[in-house]
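# Architecture at a glance
Take a look at the letters that make up each chain.
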Amino acid sequence: MRIRFNLFIKMVAILFSIISITLFFYGFSYQKDIRVITNQIKTSDLNHLDFLTEQMDNNINQLAGSIYTLQHDPTIRDYAQIQKLGHLIDPSQTILTVLEKLSLQTGSSTWENRILIYNLQNKETLSSDSALAFDASLLQHVLPEGWVYVPPGSATGQGGEFRLLLSDPSDYREIPELANMILEVRFPAANIEKMFNSYQSQNTGNTFLYHERLGFIYSPNSSNEQLARSIAQSIPTTSLDSAELSTVVTLSNDRYLVSAVKSSTLGWYVIHYSSIEQILQPIQSNRYSFLIASAVLLVLSLLFSLLLFRQVQQPISLLLRALNRMKEGQWSTRIHMKTNNEFSMLNEEFNEMAATIQSLIERVYLEQLSTKDAYLKQLQSQINPHFLYNCLFFMKSKASIGDTESVEAMALNLGEYYRYITKMDHSLTTIDEEMKLLENYLAIQNLRKQRIQYEILMPAEILEEPIPRLLIQPLVENSIIHGVEKKNGLGLIRIIGVRNPSAMIISVEDNGPHMDEGRIADMYAQLTATEREDRGCGLWNVQQRLKLQFGELSNIHLSASELGGLKISLYIQQKEAEHAANITR
């Protein structure tokens, strides 16, 4: 006990030494940390603003791309020459098609926008907005390159808009009055304001769009437009020549972190500012409180840790180790530690529980497992086909008339069939192996009856799925005995496998005599019975093995087949099937 006490004292001394050294260097590194944090905030703020600007430019480029697409559209080209091609095309239909294309291009963007086409030949305007008209005075000047801002209150931009004009042909930009048509796309500045509003809901400070000559565009929730103007005017003109900048601006003894990124499409600057003091104020005001609280918490944590370790941690660790040993199958595990608290009663209860579990495992669980395994093998033996004598008689009959090919085919298929069903090394097989068994079985039946056709449609992704042996063969046997044999003429059997997210479905259907819903319901009632005295029904055995192997959610479903006879489907729940396969293997 004394050695542990001394070790604990040494650990406390080491902890206090570490804390003292940390506090010593903390005083020297505090200012450096402030600078580092400021630089990181500047970098992060600039990166976020750059991403916002890139999103804005992408939306604008999408709108510009729409008008370039329309310029090269065949229908738009026809409309540009509609007077010359009037005898070749239907003018009214062409105009309707153009209007539809304008509406589609307008609706394809997440931004509100309007597209206009002005035909100079017939002085006609087509637009996605019927209230939109073309300003013919624009034809008196050279068309501007790129996007142009139309301030609020003007004839074409009542709420402030950005406009892009394009002449057709494109080299008529300097003499637009000689062009065939003018294409125009507009979007309101409210689109950008909404982006800024969304951005500010996730960041501190304010964001606005700024141009040295054209002014400002603010977010609808901007709290201080005058401050934004002062910050924009405080940025050196030489700094705005670069594509992006991040700087600190001082106004009225307040410092602001200002980040600006130039839009490559509009030529405007996206500017975001936030108060540095406001960002760092929690760090500065909580510094001394944090240090004092840290010291108090350290002392209390040491005391609490010691008490927790001795009174709780040690007993819990011992209990967890005992539970893990029980989990690994060491049923004789017991806890012998004596304590003076509630864990003493818990340890006694655990020992009693472990003794009870060990007794149950030895006397009940292992016996149930053995019984279940024997029952599986019993079911497997019950559904083995009993047609060996008929096959041997077939071989004798064919041999007597010299039909050696039929004898050889029967012998090979019969040998493969019985070699498969007599293998007892594993209770599970794969669907691929079961399909090979069915091919042998159907080949034998076809040699005897010579009027059976079959189709096996099994996707490759389920061929390696594990299933119990002889799970599908009884279904095929049922289709032959109760379906094909009771029908004159050619018999057809179809075996199909599918998989959905919750289950794997294997169906066997035939073209035997039609079965009404009443008879199918009677068969299903016999199939779902908990006990059968004769235990001789092959489908009942399959149902029991299916539920025993894959759980109660797996079952057999009976329905009328599209071929005319009966359709039997195995529904195998995927999770249960995987669990069963892991246990068996």
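Residues numbered from 1 in each chain as written. Predicted model: local features only at pLDDT ≥ 70, side-chain atom pairs only at ≥ 80, totals over all residues. Heavy atoms only, no water.

## As for the overall build of the chain
Scanning the chain for helices and strands turns up 15 helices and 17 strands. Looking at the 585 residues of the chain, the share that counts as buried comes to 40%. Here the contacts in the chain between residues at least 6 apart in sequence split such that 65% fall between residues at least 24 apart. Of the roughly 33,100 Å² that the chain leaves accessible, carbon and sulfur atoms contribute 54%. (Helix = DSSP H or I, 4+ residues; strand = E, 2+ residues; numbered from the N terminus. Buried < 20%, exposed > 50% of the residue type's maximum accessible area, 1.4 Å probe, protein only. Contact = heavy atoms within 4.5 Å. Areas by Shrake-Rupley, 256 points an atom, 1.4 Å probe, with all protein chains shown as cover.)

## A short note on the environment of Gln278
Within the secondary structure, Gln278 sits in helix α6 (residues 276-285). In the structure, Gln278 is positioned 23 residues away from Arg255 in sequence and 9.4 Å away in space, judged by C-alpha atoms.

## Considering the pairing of strand β8 (residues 244-251)
Of the strand pairs in this sheet, β8 and strand β9 (residues 254-262) are connected by 8 bridges, and their pairing is antiparallel. Among the inter-strand pairings, Glu244 is bridged to a residue of β9, identified as Val261. From the end of β8 to the start of β9, which pair antiparallel, there are 2 residues, and Ser252 there has a positive phi angle of about 55°. (Pairing = 2+ DSSP bridges.)

## Examining unusual backbone geometry
Here the bond from Asp168 into Pro169 is cis, since omega is 5°, no more than 30 degrees from zero. By the element assignment, Pro169 lies in the loop between β4 (161-168) and β5 (181-188). The phi dihedral of Leu470 falls on the positive side, at around 55°, and the residue is not glycine.

## What to know about a nonpolar patch on the surface
Taken together, the side chains of Ile292, Val296, Val299, Leu300 and Leu303 make up a nonpolar region of the molecular surface, amounting to roughly 470 Å² of accessible area. Relative to the helices and strands, Ile292 resides in helix α7 (residues 287-327). (Patch = residues over 30% accessible without salt bridge, like charges linked within 9 Å, V, L, I, M, F, W, Y side chains within 5 Å. Salt bridge = Lys/Arg side-chain N within 4 Å of Asp/Glu carboxyl O.)

## Things to note about the environment of Val98
Among the secondary structure elements, Val98 is positioned in helix α3 (residues 91-107). We classify Val98 as buried; its relative accessible area is 0%. The contact partners of Val98, leaving out residues within four places of it in the chain, are Thr75, Ile76, Tyr79, Ile117 and Leu126.

## A few points about the packing of helix α10 (residues 404-421) against helix α11 (residues 431-449)
Running from N to C, α10 and α11 cross one another at 145°; their axes reach a closest spacing of 9 Å. Crossing of α10 over α11 shows left-handed handedness. Seen from α10, the contacting residues are Ser406, Ala409, Met410, Asn413, Leu414, Glu416, Tyr417, Tyr420 and Ile421; seen from α11, they are Glu433, Glu434, Leu437, Asn440, Tyr441, Ala443, Ile444, Leu447 and Arg448. Of the residues that constitute the contact of α10 with α11, the class distribution is 11 nonpolar, 3 polar and 4 charged. (Axes fitted to C-alpha atoms, helices over the stretch in contact; angles between N-to-C directions. Left-handed = near helix turned anticlockwise from the far one by under 90°. Nonpolar A, V, L, I, M, F, W, Y, C, P; charged D, E, K, R; others polar.)

## Considerations on the nonpolar core
Grouped together as the largest cluster of nonpolar side chains are 46 residues, with contacts concentrated most on Ile431, Ile472, Val476, Ile493, Ile495, Ile556 and Leu570. Counting residues per element, this core draws most heavily on α11, which supplies 8 residues. Beyond its immediate sequence surroundings of up to four residues, Ile431 is in contact with Met458, Ile462, Leu463, Glu465, Ile467, Met504 and Ile506. Within the second largest apolar cluster, 40 residues are counted, among which are Leu70, Tyr79, Leu166 and Met181. (Core = buried A, V, L, I, M, F, W, Y, C linked by side-chain atoms within 4.5 Å.)

## Quick word on helix α5 (residues 225-234)
Along α5, the residues classified as buried are Leu227, Ala228, Ile231 and Ala232. Buried residues of α5, viewed axially, fall in a sector of 135°; they line one side. In α5, the exposed residues that point more than 90 degrees away from the buried face are Gln226 and Gln233. In this fold, the buried residues of α5 make contact with β6 (206-211), β7 (215-218), β8, β9 and β10 (269-275). (Arc of directions from axis to C-beta.)

## Some remarks on the side chain of Asn191
As for its position among the elements, Asn191 is in helix α4 (residues 190-200). Overall, Asn191 belongs to the buried group, its relative accessible area being 5%. Those residues in contact with Asn191 that sit more than four places away from it in its chain are Trp111 and Glu112.

## Section: the confidence of the model for the chain
On average, the chain scores 79 in pLDDT, and the residues at 70 or more come to 81%. Scored below 50 in pLDDT, residues 1-8 shows 3 contacts in the model against residues more than four places distant or in partner chains. Overall, residues 576-585 carries pLDDT values under 50, and its contacts beyond four positions in sequence, including any with other chains, amount to 13 contacts. (pLDDT = per-residue confidence, 0-100.)

## A closer look at α11
The end-to-end C-alpha distance of α11 is 26 Å, a good match for the 27 Å that 19 residues give at a rise of 1.5 Å each. Those residues of α11 lying buried are Ile431, Glu434, Met435, Leu437, Leu438, Asn440, Tyr441, Leu442, Ile444, Gln445 and Leu447. Where α11 ends, the next residue or the one after it, Gln450, has phi of about 55°, a positive value. (Expected span 1.5 Å × (residues − 1).)

## With respect to the packing of aromatic side chains
What the rule picks out here adds up to 13 aromatic pairs. Measuring from centroid to centroid gives 5.2 Å for Trp111 and Phe187, while their planes differ by 45°, and the two rings are tilted. Taken together, the residues Trp111 in the loop between α3 and β1 (114-119) and Phe187 in strand β5 connect sequence positions 76 residues apart. Side by side, Trp111 and Phe187 carry an identical accessibility label, which is buried. An aromatic cluster of three or more residues is present, and its members are Trp111, Trp147, Tyr149, Phe162, Phe187 and Trp268. The ring centre of Tyr420 lies 4.9 Å from the NZ or CZ of Arg469, which sits over that ring. (Phe/Tyr/Trp six-rings, centres within 6.5 Å; stacked < 30°, edge-to-face > 60°. Lys NZ or Arg CZ within 6 Å of the ring centre and 35° of its normal.)

## Digging into the sheet that holds β9
The 5 strands are arranged β7-β6-β10-β9-β8 in an open sheet whose pairing can be described as antiparallel. Each edge of the sheet is formed by a strand with only one pairing partner; in this case those strands are β7 and β8. Neighbour-to-neighbour, the strand axes of this sheet turn through a mean angle of 30°, independent of strand direction. Along the sheet face, α4 touches β6, β7 and β10 and points at about 145° away from the line of β6. Packing of α5 onto the sheet brings it into contact with β6, β7, β8, β9 and β10, and relative to β7 it is tilted by some 135°.

## A closer look at the sheet that holds β1
Taken together, 5 strands build an open sheet; the order of strands is β2-β1-β5-β4-β3 and the sheet is antiparallel. For this open sheet the edge positions go to β2 (124-127) and β3 (147-150), each flanked by a neighbour on one side alone. If you compare each strand with its neighbour and ignore which way they point, the axes differ by 25° on average. Two elements, β3 and β4, share 4 bridges in a ladder whose sense is antiparallel. Its bridge partner lying in β4, Val148 is registered against Arg163. Along the sheet, α3 contacts β1 and β2; its crossing angle with β2, the most-contacted strand, is approximately 40°.

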